[in-house]
Amino acid sequence: MEKLRILAVDDNMVNLATLEQELKDEYEVIPISSGKRAIKFLYLEKVDLILLDVQMPMMDGIETLKEIRTQENGITVPVILLTAKKDKSTVIEGSKLGIMDYIVKPVNSDELHERVKRALKRRGVLPMEGDELYRLVKEVLACIQGGKLKAAVMKIDEITGYQIDEGVSGRVHAAKVKLQSNDLPGAESMIQRVMKLMERDSGVGMDEEKPTISLGELNSRLLYILDDLKNFDIKEAAEKIDGLMRYAIPPNLYESCQKAQECLEGYDDDEAEKLMQEALKNLGASSSFFQQQR
């Protein structure tokens, strides 16, 4: 498999050598020492990412980027600015020209790799791993529950900027709309639904450390859920099932809870009750699971 190509533009040869040394094991790095040379190169060649120094003589990074955006090979290529200081006006100007990110020099190795991968993932050049996406969605939930609504919206904007599954993207966007209309319970519920969807479809989050629950307590909770379902207390049953899924429970029970939640969302409480009855009936077969939790 061919390596992704990164164009590194900096008038300082030491900086160029450092960038190439840091990235050469994972990417093909093309070092270029001026904005004009970078523009000429892009007339003929395509790259997957550009690392562009801001402070260069003759033609600085912003001027270079303006010219790059007029070229066929540079209109949509992701660009990360490299700047000696965090200059708000430079970042704003770069944002108008579609920069993906910026890094303040001196460049930290771990930060460089993280920012490069993030930019490539947002362009869909590199895949977004399920565990990473799940972590970001979970951070949105934590922000909502902690009352940090502005942070939650910003995190949602970050998530929807990536090339991800349409079902996840659409639901996360719907949560943002609910946040903006001050429907916090609705936004929280939507994000929780996204997490359950990801857990069901790709198994992410299933290995996260969760609080344990005894077999006796689990048996009691299932009986309470069944009692709610028999009395048509659908909302209460759904909340109890959701609470149960926050514990470390047997995989087959977790799957039954997911299916029951889907049934309740579709107003099929009869099928949900059957699923919970079957889960209670099979609980005795899970004794080895609870022995391992001790």
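Residue indices follow the written sequence of each chain, beginning from 1 at its first position. Selection of residues for local features in this predicted model requires a pLDDT of at least 70, selection of side-chain atom pairs for listing and counting requires 80 or more, and totals for whole chains, interfaces and linings are taken over all residues. Side-chain calculation: all heavy atoms of the structure are included, whereas hydrogens and water are not.

Inspection of helix H3 (residues 61–68) places Gly61, Ile62, Thr64, Leu65 and Ile68 among the buried residues, and these make up the whole buried set. Along the axis of H3, the buried residues cluster in a sector spanning 160 degrees; they form a single face. Where the residues of H3 are buried, they touch helix H2 (35–44), strand S3 (49–53), strand S4 (79–83) and helix H4 (88–96). What qualifies as a polar contact is a pair of N or O atoms within 3.5 Å, subject to a donor-acceptor requirement within protein and to the restriction that residues adjacent in sequence count only when both atoms come from side chains. Secondary structure follows DSSP: runs of H or I at least 4 residues long count as helices, runs of E at least 2 residues long count as strands, and numbering of each begins at the N terminus. For H3, the capping residue at the N-terminal end is Asp60, with a side-chain oxygen 3.2 Å from the backbone nitrogen of Ile62. Only protein chains enter the calculation, and the probe is 1.4 Å; a residue is then buried if its accessible area is under 20% of its type maximum, exposed if over 50%, and partly exposed in between. Along the arc lie the directions from the helix axis toward the C-beta atoms. Here, two residues are considered to be in contact whenever any of their heavy atoms come within 4.5 Å of each other.

Looking now at the pairing of S4. Burial within S4 is extensive, with 5 of its 5 residues counted as buried. For two strands to count as paired, DSSP must find a minimum of two bridges between them. Pairing between S3 and S4: 4 bridges, direction parallel. Within S4, the position partnered with Asp53 by the bridge is Leu82. Note: S4 against strand S5 (residues 101–104), 4 bridges, orientation parallel. Bridging from a neighbouring strand, Ile80 pairs with Asp101 of S5.

What follows covers the nonpolar core. Nine residue types can take part in a nonpolar core, namely buried Ala, Val, Leu, Ile, Met, Phe, Trp, Tyr and Cys, and a core is a set of them joined through side-chain atoms within 4.5 Å. Counting 26 residues, the largest nonpolar core has Leu133, Val137, Ile159, Val168 and Ile191 as the members making the most contacts within it. Secondary structure elements with two or more residues in this core: helix H6 (130–145), helix H7 (149–160), helix H8 (166–180) and helix H9 (184–202). It is H6 that provides the largest number of residues to this core, a total of 8 residues. Every residue in contact with Ile191, bar those within four places of it in the chain, is listed here: Val137, Val140, Leu141, Ile144 and Ala175.

When a carboxyl oxygen of Asp or Glu lies within 4 Å of a side-chain nitrogen of Lys or Arg, that pair is called a salt bridge. Applying the stated criterion across every chain, the model contains 20 salt bridges. Between Glu28 and Arg5 there is a salt bridge, and its shortest N-O distance comes to 3.5 Å. Of this pair, Glu28 sits in strand S2 (residues 27–32) while Arg5 sits in strand S1 (residues 4–9), and the two are 23 residues apart along the sequence. For Glu28, a relative accessible area of 35% puts it in the partly exposed group. In this structure, the salt-bridge partner of Lys274 is Asp270, at a minimum N-O distance of 3.7 Å. A residue pair is termed a helical-turn pair when its members lie 3 or 4 positions apart in one helix, as Lys274 and Asp270 do in helix H13 (residues 269–281) at 4 residues.

The next thing to look at is the pairing of S2. Bridge count for S1 against S2 is 6 bridges, and the pairing is parallel. Paired with Leu7 across the strands is Ile30, a residue of S2. By convention a crossover is right-handed if, when the strands point away from the viewer, the path from the first strand over the helix to the second runs clockwise. As a crossover connection, the stretch from S1 through helix H1 (residues 13–23) into S2 is right-handed.

This part is about the confidence of the model for the chain. Scored between 0 and 100, pLDDT is the confidence that the predictor attaches to each residue. Residue-level pLDDT values for the chain average 86, and 93% of them are 70 or greater. Highest mean pLDDT in the chain belongs to S2 (96); lowest belongs to helix H14 (residues 287–293) (61).

Take the environment of Leu179 next. Considering the arrangement of structural elements, one finds Leu179 in helix H8. Judged by relative accessible area, which is 6%, Leu179 ranks as buried. Every residue in contact with Leu179, bar those within four places of it in the chain, is listed here: Ile144, Leu149, Ala152, Val153, Ile156, Leu184 and Ala187.

A sheet is described by the order of its strands in space; here 5 strands give the open sequence S2-S1-S3-S4-S5, paired in parallel fashion. Each of the sheet's edge strands pairs with one partner strand only, and the pair in question is S2 and S5. Pairs of neighbouring strands in the sheet enclose a mean axial angle of 20 degrees, with direction left out of account. Where S1 and S3 come together, 4 bridges link them in parallel fashion. Its bridge partner lying in S3, Val9 is registered against Leu52. Whenever a helix is involved, its axis is fitted only over the stretch in contact; in every case the axis is a line through C-alpha atoms, and angles between N-to-C directions fall within 0 to 180 degrees. Lying on the sheet, H3 is in contact with S3 and S4; it crosses S3 at an angle near 150 degrees.

Right, let's get into the environment of Ile30. As for its placement among the helices and strands, Ile30 is situated in strand S2. Ile30 sits in the buried class, given a relative accessible area of 12%. Taking the C-alpha atoms as reference points, Ile30 and Arg5, separated by 25 residues in sequence, lie 7.3 Å from one another. Ile30 has contacts with Arg5, Ile6, Leu7, Ala8, Phe41 and Val47, leaving out every residue within four places of it along the chain.

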